[in-house]
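Okay, here's what each chain looks like letter by letter:
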Amino acid sequence: MPRIEFYVLSSNDAVGRLRAACQLALKAWSAGLPVFVRGSDEAQCGELDELLWTFKAERFVPHDLHRDAPLSPVVLGIDEVPSAEQGVLINLGSSLSPHVERFSRIIEIVNQQPELLNACRENFRTYRQRGYDPQRVEL
């Protein structure tokens, strides 16, 4: 059963949410774990792709879009089946991934945008209904 955590940001800054995803992807990859970052759409995946190149000048995070290299250490996608199992899912989508069971750890990043808060609350309830024990982490 995966460990599920909701990382709660104090601002409503959308770019701050993406930067947090990049930071968490770097940390997981540095620990030797495969990472799948699930974006809400292709545009957000493109933003993440660009941000992963620039958010840390002194570190490179090897990443690719799922369609280009599904076996990359950090994969950006939406609902594609992840190639690596038992890795980390960073979910930026507003719903649960259809592949929850393939991950050992799931991170949902929440900011204070009202629409996102409501979607993440629903995700939290859905995880509980499915028998998971999601935890809240304040950032």
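Below, the structure is looked at part by part. (Residues numbered from 1 in each chain as written. Predicted model: local features only at pLDDT ≥ 70, side-chain atom pairs only at ≥ 80, totals over all residues. Heavy atoms only, no water.)

**Looking at the overall build of the protein**
Put simply, the test is: Where helices and strands are cited, they refer to DSSP runs of H or I of at least four residues and of E of at least two residues respectively, numbered from the N terminus. Values of the radius of gyration come from C-alpha atoms, whereas the globule rule sets the reference at 2.2 Å times the count of residues to the power 0.38. A simple rule labels every residue: compare its accessible area, found with a 1.4 Å probe on the protein chains alone, to the largest value its type can have, and call it buried under 20%, exposed over 50%, or partly exposed in between. We call two residues in contact when some of their heavy atoms are within 4.5 Å.
Per the secondary structure count, the protein includes three helices and seven strands. Reading the protein from its N terminus to its C terminus gives the helix and strand order β-α-β-α-β-β-β-β-α-β. Its C-alpha atoms give the protein a radius of gyration of 14 Å, within 12% of the compact-globule value 14 Å for 139 residues. Considered along the principal axes of its C-alpha atoms, the protein spans approximately 35 × 30 × 25 Å. Counting all 139 residues of the protein, 49% fall into the buried class. Here the contacts in the protein between residues at least 6 apart in sequence split such that 66% fall between residues at least 24 apart.

**Concerning the environment of Pro70**
Within the secondary structure layout, Pro70 lies in the loop between strand E3 (63–65) and strand E4 (74–77). Overall, Pro70 belongs to the partly exposed group, its relative accessible area being 32%. Ignoring sequence-local partners within four residues, the contact set of Pro70 consists of Val75 and Ser83.

**Describing the environment of Ala20**
Following the sequence through the fold, Ala20 ends up in helix H1 (residues 14–30). Residue classification places Ala20 among the buried positions, given a relative accessible area of 13%. The spacing of Ala20 and His99 is 79 residues in sequence and 22 Å in space, taken between C-alpha atoms. Once residues lying within four places of it in the same chain are set aside, the contact partners of Ala20 are Leu9 and Ile109.

**Some points on helix H2 (residues 42–54)**
Residues lying three or four places apart along an α-helix face the same way, a consequence of the helix completing one turn every 3.6 residues. Basically, it comes down to this: The length a helix should cover is 1.5 Å for every residue beyond the first. Pairing of N or O atoms within 3.5 Å defines a polar contact, subject to two protein rules: one partner must be a possible hydrogen donor and the other a possible acceptor, and residues neighboring in sequence count only if both atoms are side-chain atoms.
Taking 1.5 Å per residue, 13 residues should reach 18 Å; H2 reaches 19 Å between its end C-alpha atoms and fits that length. Those residues of H2 lying buried are Gln44, Cys45, Leu48, Asp49, Leu51 and Leu52. On the buried face of H2, the contacting elements are H1, strand E2 (35–38), E3 and E4. N-capping of H2 is provided by Asp41, with a side-chain oxygen placed 3.2 Å from the backbone N of Ala43.

**Describing the pattern of salt bridges**
Definition in use: One speaks of a salt bridge when a side-chain nitrogen belonging to Lys or Arg is within 4 Å of a carboxyl oxygen belonging to Asp or Glu.
Tallying each qualifying case throughout the model produces eight salt bridges. For the salt bridge of Glu5 with Arg105, the shortest nitrogen-to-oxygen distance reads 2.5 Å. Taken together, the residues Glu5 in strand E1 (residues 3–8) and Arg105 in strand E6 (residues 103–110) connect sequence positions 100 residues apart. On the accessibility criterion, Glu5 (11% relative accessible area) is buried. Residue classification places Arg105 among the partly exposed residues on the basis of a relative accessible area of 21%. Among the salt bridges present, the one from Arg67 reaches Asp68, with a minimum N-O distance of 4.0 Å. We classify Asp68 as exposed; its relative accessible area is 54%. Each of Arg3, Glu5 and Arg105 takes part in salt bridges that share partners, so that together they form one network.

These results come straight from atomic positions and should not be treated as a statement about function.
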